[in-house]
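# Notes for the structure review
Chain by chain, the residues:
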Amino acid sequence: MMSNGGFNSRNGASGPSYINGPFQNPITLHPSTQGYIVAQPSSTMTQSKAPLLPTPDSYNFKLCQQATPVSLYQSPSASSMPSRPPEGCLEPFAPSQPAVHNHRMLLLPTSQSSSTPPVSNSFCQNLQQPRSGQYEGHTYMGNAVNPNPALGSSLTSMAYSLGTPTPLFFGNASQSPGPPPASASNLPVPGPNAANTVPQTSKQLDRKLYGTLPAVGSPAAMGASPPLPPPGLLVNSVLAPPLADQNKAGPYPPQAGQMSKPAGTAYPSLEPGYQGIEGVPKPLPVHPPTQPYSFPPQQYQQPSVGPAQLSPSLSALSLQSQTPEALRVVNLLQERNLLPPGPVPAPTPCLPQDLQKLNCSPEVFCSTLTSIPQTQALLNKAKLPLGLLLHPFKDLSQLPVVTSSSIVRCRSCRTYINPFVSFLDQRRWKCNLCYRVNDVPEDFMYNPVSRSYGEPHKRPEIQNATIEFIAPSEYMLRPPQPAVYLFVLDVSHNAVETGYLDVVCQSLLENLNSLPGDTRTKIGFITFDSMIHFYNLQEGLSQPQMLIVSDIEEIFLPTPDSLLVNLNECKELVRDLLNSLPQMFTKTMETHSALGPALQASFKLMSPTGGRVSVFQTQLPSLGVGALSSREDPNQRATAKDVQHLSPATDFYKKLALDCSGQQVAVDLFLLSGQYCDLATLGCISRYSAGSIYFYPSYHSQHNPAQTERFQKDLKRYLTRKIGFEAVMRIRCTKGLSIHTFHGNFFVRSTDLLSLPNINPDAGFAVQMSIEENLVDMQVVSFQAALLYTSSKGERRIRVHTMCLPVVNSMSDIFAGADVQAIIGLLASMAVDRSVTASLSDARDAMTNAAIDSLISYRTSVLTIQQPGLLVPACLRLFPLYILALLKQKAFRTGTSTRLDDRVFAMCQLKYQPLIYLMLMIHPSLYRLDNLTDEGSLNINDCTIPQPRMLQLSVEKLSSEGAFLMDTGSEMYLWVGRNCNPTFLKQVLGVQNYLTLPLNMNRLPELDTAESTRTRAFISWLREQRPFYPVLHIVRDESPLKASFMQNMIEDRTESALSYYEFLLHVQQQVSK
């Protein structure tokens, strides 16, 4: 997110100041001698600020104040460091536990010093010289034909080197020994600073995002091009770990029949289909370990195997003498049909089967690399980003809930007991994060599921990687807050004209009884134009009373006790207000909007309790604090190489958001406008208070029925979905790993604690990781995310997700475990930050270099036989396609007229959406619908769901005789060809011929035909896969929306962007240098 020069806020009258946005922990970063050469020494970079240390009163809930700028802060002495309370002081801090040592933080000046490195245009640091901006040997002008590169002899054999290489992301690893070998019989107990502590040495922050990319040319006209393959399309359930002798370069033997294409095959002439797959040998089955797991000499034998019992190497798991599918070599310039028929599966970590079946679902918690490198040097060498993507509050069909008087946690690092700990005997368990040996409490010996005693390893906490605890009273600083909802509504002339007020009031009336909460639930309303209107809904009144405050400079609450009322007690008054609100302002001629004062009033009203504020805004704020003026020049939308005004115009909304966060108030923003509203500035109110942003451009309830339908569906989901209040989330990882940057909507309270006044099931987060200490003595590492929140029913709950991944020491194993979709999700968040702190062109360059650099690393460190073409491992065969899709995405595209608010909203979504929904935004799905059959269909609740094959995003795949559905996540386009099958027109669309198809049709008629039933079932099934409602647009050649449909044809050339094939040629030229 955006950082505002030196701004800090206190969470409490005397508490410390904290930073927000993309959070950098300078202690965990090391200056690097590896990495990308920086581009222009003259370029400067906005440094993220370090958090100040928490003090014992860090987490009280008082009004926030502005703090001393970071640049003036003097780092305290080590002796003055207080110990950190666990889980934001909302978790108990056992008096008997050893204090966790705090560490001194290196605070960065807000201005750039001579030691600060200049901006690099890569998310990694590169050893090579900056690349030229030309596509060597090729210029793309007019209707240029795709050049055909000379392809060498057929790729009949490939070998992989298995060395012990060097680092990726941020700096060098400190060479400190890891924990003792897991098989040791005498298990030492780490000291109190075994985990969640950092060495007390100041280290220079070396934050270089991703490097310089040659400027992309501007080919004109559209051309067809090809797609890539899904990571692990044919991946076996186990990927290959290092071979037994990992320090010897033992190449995989040649694979007969692999990549056996004739030399020089012309790209356009290749037939569709997965080429070169027929002859690929299937991986051998996984062999059990050759030696038994080693146990300490105890009488008690643990039936369940944990990671501490793994043998010294995982070599027994390797697919001996076979190349795993993930490492099958693919020549992208020869193989065209790389998309899988359905969704891209996440790679399966190479773990023993008993551990893997307990692992966390990748839809909830996943890593960009499912095999963690042993050292930062090895990570840097791979040039792949290491990070985690979380969907922590996802709606789950099965969630074990445990009620217990005591929650078992590590006494040193406070990790929750989980499936990956080790039981040394019935009475002791070893933490999988810091390796401390802990006692098993007496009540944990009883298993409530089996009602048996003496088998702690069979309890739900040990059998489930995702679990929820109902927290005892010591996890509360105050009684759990009630559900409190405040609705803040724009009632200016512009707002009334859109007709949104009727939709909001009607939706609230319909869902009033479905709002999450209990008998304590409170509700309130504020409306505003040039003045602020409050509504007295106190029990006993015959009708609601409007109270108007015209002095917006000094806002106050006219009757503080009757503006937020108990919903159950005052439901009739609330209904009366909702029925009358739309008519109250129908004749208003007030054009001004005092949004800032309305938000100040909301903060005053909500501060005593906390809760959720829902703001509906339709124009640029024009009065009072927070007033804004237009910053967009429509004439520059398509021509400017760099986009201005992506950062906020004022810090008012960010400051207010931090104050809200301190009082457990989240602000959700609904922006419904046909004109520029400066979302880059207004969005800060939600971004830093852990709220959500909804954007409906050109909203009008009558002129734009599709937007109205989407708004109605979104609003119903918003009002009725699950919600958590006064939440905090902490992410812990095995000793030796560290977190240095967070992405999402939140407030960073301390180095690893996110403040989330509200948490909802549709919010996603990402974190970047680094390897601080070598993981040489470890076979696996673990990550744990703990979300502490208050449910709408007033229960304090803790949801815990734990993930276990193997540690590897060879480049081939790192690449084999790469999750291409998770990598793209993390790079997208990093690129958004880069666009704001540097420039859009820097972000675009950085994304392209991310693909180039990783493929250079693969070519030089994994491939031992060089062949012509662009060679990639099968697990990364979609990487260049997804990077090109990001470059053409609304957030990052250039040369196409893109409204500034549309671009900023797309950036917000990239940082906030969970990965599963994010990928549809980046790379939409295309299906042919006019020939649906029941072959291969799913049967869900006696309903047959067709499963058409996913098509490449190219006009080459379209046919004037067909009908094609494009799913972009938030919208669906059904493009109907001019010569479409008349049967489809009649039996699905309900029209006699193409010419009678309406231009603005946005729903399918419910016809009693097999074709109609099949088509509607498929579209409904797609919609049910996500929490928000995608609107359907039926598009014909003359439709205004045809341009939007065609813009998503990622593989085709446009006037300002390369086709996929041209992009591959560019990447090949850079990789081959």
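Every chain's residues receive numbers from 1 upward, in the order its sequence appears when written. Note on the predicted model: pLDDT of at least 70 is required for a residue's local features to be given, and 80 or more for side-chain atom pairs to be given and counted; whole-chain, interface and lining totals, by contrast, use all residues. To get the side-chain values, take all heavy atoms of the structure and skip hydrogens and water.

## Overview of the overall build of the chain
- Per the convention used, a helix needs a DSSP run of H or I reaching at least four residues, while a strand needs a run of E reaching at least two, with both numbered from the N terminus. A tally of regular secondary structure across the chain gives 21 helices and 35 strands.
- Taking all 1073 residues of the chain together, 64% fall into the buried category.
- For the chain, long-range pairs separated by at least 24 residues make up 82% of all intrachain contacts whose partners lie at least 6 apart in sequence.
- Reported accessibility uses the Shrake-Rupley method at a 1.4 Å probe radius. Residues are deemed covered only where the shown protein chains occlude them. On the chain, roughly 36,400 Å² of surface is accessible, and the fraction owed to carbon and sulfur atoms is 51%. With a 1.4 Å probe rolled over the protein chains alone, any residue whose accessible area is under 20% of its type maximum counts as buried; one over 50% counts as exposed, and the rest are partly exposed. We call two residues in contact when some of their heavy atoms are within 4.5 Å.

## Topic: the packing of helix α7 (residues 595-606) against helix α8 (residues 652-662)
- Remark: α7 packs on α8, axes separated minimally by 11 Å, with the N-to-C direction vectors making an angle of 10 degrees. What the angle tells us is that α7 and α8 run roughly parallel. The residues of α8 that touch α7, namely those facing Leu-595, Gly-596, Leu-599, Gln-600 and Phe-603, are Phe-652, Tyr-653, Leu-656, Asp-659 and Cys-660.
- Just so you know the grouping, Ala, Val, Leu, Ile, Met, Phe, Trp, Tyr, Cys and Pro go in nonpolar, Asp, Glu, Lys and Arg go in charged, and all remaining residues, Gly too, go in polar. For the contact of α7 with α8, the class distribution of residues is seven nonpolar, two polar and one charged. Whenever a helix is involved, its axis is fitted only over the stretch in contact; in every case the axis is a line through C-alpha atoms, and angles between N-to-C directions fall within 0 to 180 degrees. Throughout, the term roughly parallel applies to angles under 35 degrees, roughly antiparallel to angles over 145, roughly perpendicular to angles from 65 to 115, and oblique to all others.

## Describing the sheet that holds strand β35 (residues 1031-1035)
- As summarised here, the arrangement of the four strands in space is β30-β33-β34-β35, forming an open sheet in which the pairing is mixed. Only two strands of the sheet have a single neighbouring strand rather than two, namely β30 (925-928) and β35. Neighbour-to-neighbour, the strand axes of this sheet turn through a mean angle of 20 degrees, independent of strand direction.
- One requirement defines pairing of two strands: DSSP has to find at least two bridges between them. As defined by bridge partners, strand β33 (residues 963-967) adjoins strand β34 (residues 971-976) across five bridges and the pair is classed as antiparallel. Directly across from Ala-963, in β34, lies its bridge partner Val-976.

## So, helix α5 (residues 500-511)
- What a helix should span is 1.5 Å times the count of its residues minus one. In this model α5 runs 17 Å from its N-terminal to its C-terminal C-alpha over twelve residues, within 8% of the 16 Å that 1.5 Å per residue would give.
- Burial analysis of α5 places nine of its twelve residues in the buried class, which makes it a mostly covered element.
- Among the residues making up α5, those that are buried are Tyr-500, Leu-501, Val-503, Val-504, Cys-505, Ser-507, Leu-508, Leu-509 and Asn-511.

## A look at the side chain of Ser-854
- Note on placement: Ser-854 falls in helix α14 (residues 840-861).
- A relative accessible area of 0% places Ser-854 in the buried class.
- Under this definition, polar contacts are N or O atom pairs within 3.5 Å; protein pairs additionally need one hydrogen-donor-capable and one acceptor-capable atom, and for neighbouring residues in sequence, both atoms have to be side-chain atoms. A polar side-chain atom of Ser-854 sits 3.1 Å from the main-chain carbonyl oxygen of Ala-850.
- In this structure Ser-854 touches Ala-382, Lys-383, Leu-384, Phe-815 and Phe-879, once residues within four positions along its chain are discounted.

## Describing the pattern of salt bridges
- The working definition used for a salt bridge is a side-chain nitrogen of Lys or Arg within 4 Å of a carboxyl oxygen of Asp or Glu. This model, assessed by the stated rule, comprises 31 salt bridges.
- Linking Asp-714 and Arg-710 is a salt bridge whose minimum nitrogen-to-oxygen distance equals 3.8 Å. Placement of the pair is Asp-714 and Arg-710 together in helix α11 (residues 705-720), with a separation of four residues, close to one helical turn. In terms of burial, Asp-714 and Arg-710 fall into one category: buried.
- A salt bridge links Asp-930 to Arg-928; its shortest N-O distance comes to 2.7 Å.
- With a relative accessible area of 26%, Arg-928 lands in the partly exposed category.

## Concerning the pairing of strand β23 (residues 737-743)
- Most of β23 sits inside the fold, with seven of its seven residues counted as buried.
- Sheet topology note: the β23/strand β26 (residues 765-771) ladder contains six bridges and is antiparallel. Bridging from a neighbouring strand, Leu-737 pairs with Ile-771 of β26.

## Quick word on the packing of helix α16 (residues 900-912) against helix α17 (residues 915-922)
- The geometry of α16 relative to α17 is characterised by a closest axis approach of 9 Å and an angle of 145 degrees between their N-to-C directions. Where α16 abuts α17, its residues Ala-906, Gln-909 and Leu-910 lie against Leu-918, Met-921 and Ile-922.

## Some words on the side chain of Asn-566
- Among the secondary structure elements, Asn-566 is positioned in strand β18 (residues 565-566).
- From its side chain, Asn-566 meets the backbone nitrogen of Asn-568 in a polar contact 2.9 Å long.
- Here Glu-569 takes part through its backbone nitrogen, which lies 3.1 Å from a polar atom of the side chain of Asn-566.
- Excluding its chain neighbours within four sequence positions, the residues that come into contact with Asn-566 are Thr-519, Arg-520, Thr-521 and Lys-522.

## Thoughts on the nonpolar core
- What makes a nonpolar core is a set of buried Ala, Val, Leu, Ile, Met, Phe, Trp, Tyr and Cys residues whose side-chain atoms join them at distances within 4.5 Å. Of all hydrophobic cores here, the largest spans 187 residues; its most connected members are Ile-532, Phe-783 and Phe-892.
- Ranked by residue count, the leading element in this core is helix α13 (residues 820-837), at eleven residues.
- Once residues within four sequence positions are removed from consideration, Phe-892 is found in contact with Ala-828, Ala-831, Val-832, Ser-835, Leu-840, Arg-844, Met-847, Leu-886, Leu-887, Arg-903, Met-907 and Leu-910.
- If you look at the next biggest cluster of nonpolar residues, it comprises 41 residues, including Tyr-500, Leu-501, Leu-509 and Leu-578.

## Re α7
- Taking 1.5 Å of rise per residue, the twelve residues of α7 would be expected to cover 16 Å, and the 16 Å separating its terminal C-alpha atoms lies within 8% of that figure.
- For α7, the full list of buried residues reads Leu-595, Gly-596, Pro-597, Ala-598, Leu-599, Ala-601, Ser-602, Phe-603, Leu-605 and Met-606.

## Describing the packing of aromatic side chains
- Only rings of Phe, Tyr and Trp enter the pairing, Trp through its six-membered ring, and a pair is recorded when the two centres are within 6.5 Å. The plane angle decides the type: under 30 degrees is stacked, over 60 is edge-to-face, the rest tilted. This model, assessed by the stated rule, comprises 24 aromatic pairs.
- When the centroid spacing of 6.4 Å and the interplanar angle of 70 degrees are considered together, the rings of Phe-616 and Phe-711 count as edge-to-face. Highlighted residues: Phe-616 in strand β19 (residues 611-617) and Phe-711 in helix α11, separated in sequence by 95 residues. Here Phe-616 and Phe-711 have matching classes, each one buried.

## Quick look at the sheet that holds β23
- The four strands are arranged β4-β6-β26-β23 in an open sheet whose pairing can be described as antiparallel. The sheet is open, and its two edges are formed by β4 (365-367) and β23, each paired on a single side. In this sheet, adjacent strand axes meet at a mean angle of 25 degrees when their direction is disregarded.
- As paired elements, strand β6 (residues 387-390) and β26 share four bridges and run antiparallel to each other. Within β26, the position partnered with Leu-388 by the bridge is Val-767.

## Side note on the environment of Asp-833
- Among the secondary structure elements, Asp-833 is positioned in helix α13.
- For the pair Asp-833 and Ala-843, spaced ten residues apart in sequence, the C-alpha separation works out to 8.3 Å.
- Only 3.2 Å separates the side chain of Asp-833 from the side chain of His-743, close enough to count as a polar contact.

## Here's the deal with the environment of His-703
- By the secondary structure assignment, His-703 is in the loop between β21 (693-697) and α11.
- Judged by its relative accessible area of 66%, His-703 falls in the exposed class.
- Spatially, the C-alpha atoms of His-703 and Thr-498 are 9.0 Å apart, while their sequence positions differ by 205 residues.

## What to know about the confidence of the model for the chain
- A score from 0 to 100, pLDDT tells how confident the predictor is in each residue. Of the residues in the chain, 70% reach a pLDDT of 70 or more, and the chain-wide mean stands at 76.
- Across residues 1-120, confidence stays below pLDDT 50; counting only partners more than four residues off in sequence or on other chains, it has 370 contacts.
- Between residues 125-321, whose pLDDT stays under 50, and residues either more than four places distant or in other chains, the model counts 613 contacts.

## Things to note about unusual backbone geometry
- In this model, Arg-414 sits at a positive phi of 70 degrees, which is unusual for a non-glycine residue.
- Secondary-structure assignment places Arg-414 in the loop between β7 (401-403) and β8 (422-425).
- Positive phi, normally seen in glycine, also occurs at Asp-942, with a value near 60 degrees.
- Structurally, Asp-942 is set in the loop between β31 (938-940) and β32 (943-945).

## Quick look at the pairing of strand β15 (residues 522-528)
- Buried residues dominate β15, accounting for six of its seven residues.
- In this structure, strand β14 (residues 484-490) lies alongside β15, joined through seven bridges in parallel fashion. Paired with Val-488 across the two strands is Ile-526, which belongs to β15.
- In this sheet, β18 lies alongside β15 in antiparallel orientation, the contact comprising two bridges. Each residue of the ladder has a partner; that of Ile-523, found in β18, is Val-565.
- As paired strands, β15 and strand β16 (residues 532-536) are joined by three bridges and run antiparallel to one another. Residue pairing for β16: Phe-528 is matched across the bridge by Ile-532.

## A closer look at the environment of Met-1046
- Within the fold, Met-1046 resides in helix α20 (residues 1042-1047).
- Its relative accessible area of 18% is what places Met-1046 among the buried residues.
- Beyond its immediate stretch of four places on either side in the chain, Met-1046 contacts Val-955 and Leu-958.

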